[in-house]
Amino acid sequence: MKNTGTLQVSTRGDREIVMTRDFAAPRQLVFDAFTKPELVRRWLLGPPGWSMPVCEMDFRVGGSYRYVWRHEKGQEMGMGGVYREIVVPERIVSTEKFDE
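Keep in mind that what you see is a predicted model, and the values were worked out from it rather than measured.

K.L.:
Looking at this structure, how should I read the overall build of the chain?
P.N.:
Along its length, the chain carries two helices and nine strands. Going residue by residue from the N terminus, the α and β elements of the chain occur as β-β-β-β-α-α-β-β-β-β-β. With respect to the three principal axes, the spread of C-alpha positions in the chain is 35 × 30 × 25 Å. Here the chain, with 100 residues, has 21% of them falling under the buried criterion. Expressed as a percentage of contacts within the chain between residues at least 6 apart in sequence, the contacts between residues at least 24 apart total 21%.

K.L.:
Looking at this structure, I do not really get the pattern of salt bridges. What am I missing?
P.N.:
Oppositely charged side chains may form a pair once their charged atoms are brought near each other. In total, this model carries seven salt bridges according to the counting rule given. The closest approach of N and O atoms between D99 and R66, which form a salt bridge, is 2.9 Å. Here the residue D99 occupies a position in the segment after strand 9 (97–98), and R66 occupies one in strand 6 (residues 64–71), the gap between them amounting to 33 residues. Of the residues examined, R66 reaches a relative accessible area of 29% and is grouped as partly exposed.

K.L.:
I tried to follow helix 1 (residues 27–35) on my own but got confused; where do I start?
P.N.:
The periodicity of an α-helix, 3.6 residues per turn, causes residues three or four positions apart to be oriented the same way. Listed as buried for helix 1 are V30, F31, D32, A33 and T35. Contact partners of the buried residues in helix 1: strand 4 (23–24), helix 2 (37–43), strand 5 (50–57), strand 7 (76–87) and strand 8 (91–94).

K.L.:
How do you make sense of the nonpolar core when you look at a structure like this?
P.N.:
As a rule of thumb, nonpolar side chains are buried together in soluble globular proteins. Ranked by size, the top nonpolar core spans nine residues in total: V40, M52, C55, M57, Y65, Y67, W69, M79 and Y83. Going through the elements one at a time, strand 5, strand 6 and strand 7 are the ones with two or more residues in this core. The contact partners of Y83, leaving out residues within four places of it in the chain, are M57, D58, F59, R60, V61, G62, G63, S64, Y65, I92, V93 and S94.

K.L.:
I keep staring at the side chain of T35 and nothing clicks. Help me out?
P.N.:
Position of T35 relative to the elements: it lies in helix 1. Exposure remark for T35: the relative accessible area of 10% places this residue in the buried category. Here F31 takes part through its backbone oxygen, which lies 3.0 Å from a polar atom of the side chain of T35. For T35, the residues in contact, after removing those within four places along its chain, are V40, M57, F59 and I92.

K.L.:
What exactly am I supposed to notice about unusual backbone geometry here?
P.N.:
Glycine aside, residues mostly have negative phi angles, and peptide bonds mostly take the trans form. In this structure, the amide linkage connecting V88 to the following residue, P89, adopts the cis form with an omega of -5 degrees. Along the polypeptide, P89 turns up in the loop between strand 7 and strand 8.

K.L.:
Looking at this structure, how should I read the packing of aromatic side chains?
P.N.:
How two aromatic rings sit relative to each other is set out by the distance from centre to centre and by the angle between their planes. Taken as a whole and judged by the stated rule, the model has six aromatic pairs. Relative to F59, the ring of F31 has its centre 5.9 Å away and its plane inclined at 70 degrees; by these criteria the two rings are edge-to-face. With F31 in helix 1 and F59 in the loop between strand 5 and strand 6, this pair connects stretches of sequence that are 28 residues apart. What makes F31 buried here is its relative accessible area of 7%. Note on Y67 and W69: the rings are 5.9 Å apart at their centroids and 70 degrees apart in plane angle, and the pair reads as edge-to-face. Across this residue pair, the class does not change: Y67 and W69 are buried. In textbook terms, an aromatic cluster arises when at least three aromatic residues are bridged by ring pairs, as seen for F31, F59, Y65, Y67, W69 and Y83.

The rules behind these values
- Chains are numbered independently. Their residues run from 1 in the order of the written sequence.
- Whole-chain, interface and lining totals are the exception, using all residues; otherwise, since this is a predicted model, local features are given only for residues with pLDDT of at least 70 and side-chain atom pairs are given and counted only at 80 or more.
- Water and hydrogen atoms were dropped before computing side-chain values, which therefore reflect all heavy atoms in the structure.
- A run of H or I in DSSP counts as a helix once it spans at least four residues, and a run of E counts as a strand once it spans at least two, with each numbered from the N terminus.
- Only protein chains enter the calculation, and the probe is 1.4 Å; a residue is then buried if its accessible area is under 20% of its type maximum, exposed if over 50%, and partly exposed in between.
- Two residues form a contact once any of their heavy atoms are found within 4.5 Å.
- Salt bridges are defined by distance alone: a side-chain nitrogen of Lys or Arg within 4 Å of a carboxyl oxygen of Asp or Glu.
- The definition of a nonpolar core used throughout is a set of buried Ala, Val, Leu, Ile, Met, Phe, Trp, Tyr and Cys residues joined through side-chain atoms within 4.5 Å.
- Nitrogen and oxygen atoms within 3.5 Å of one another constitute a polar contact, given that in protein one can donate a hydrogen and the other can accept it, and given that sequence-neighbouring residues count only through two side-chain atoms.
- Classification of ring pairs rests on two measures: the distance between centres of Phe, Tyr or Trp rings, Trp counted by its six-membered ring, which must be within 6.5 Å, and the angle between planes, read as stacked under 30 degrees, edge-to-face over 60 and tilted in between.

Quick look at the structure:
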């Protein structure tokens, strides 16, 4: 999959952030990368030394997700949210809240 552009970030009102990036890849493959835990675990990591021991996704409107990253030295960071809108294979609207 080749990134064909830079990430575009904009706001809509006081509480909405819109992020857009184009990829030279089949649309369904990119959508799957955001919606299947086995694929999310492959790309949503940090620098070396981090893993994702928790990647739970109830991918439906009203369903929730939870990610926890762990550093090899024991530090953890977690976040989660709720899916608000899903339009396969083009749009995912969700909340996002970090534990800290």
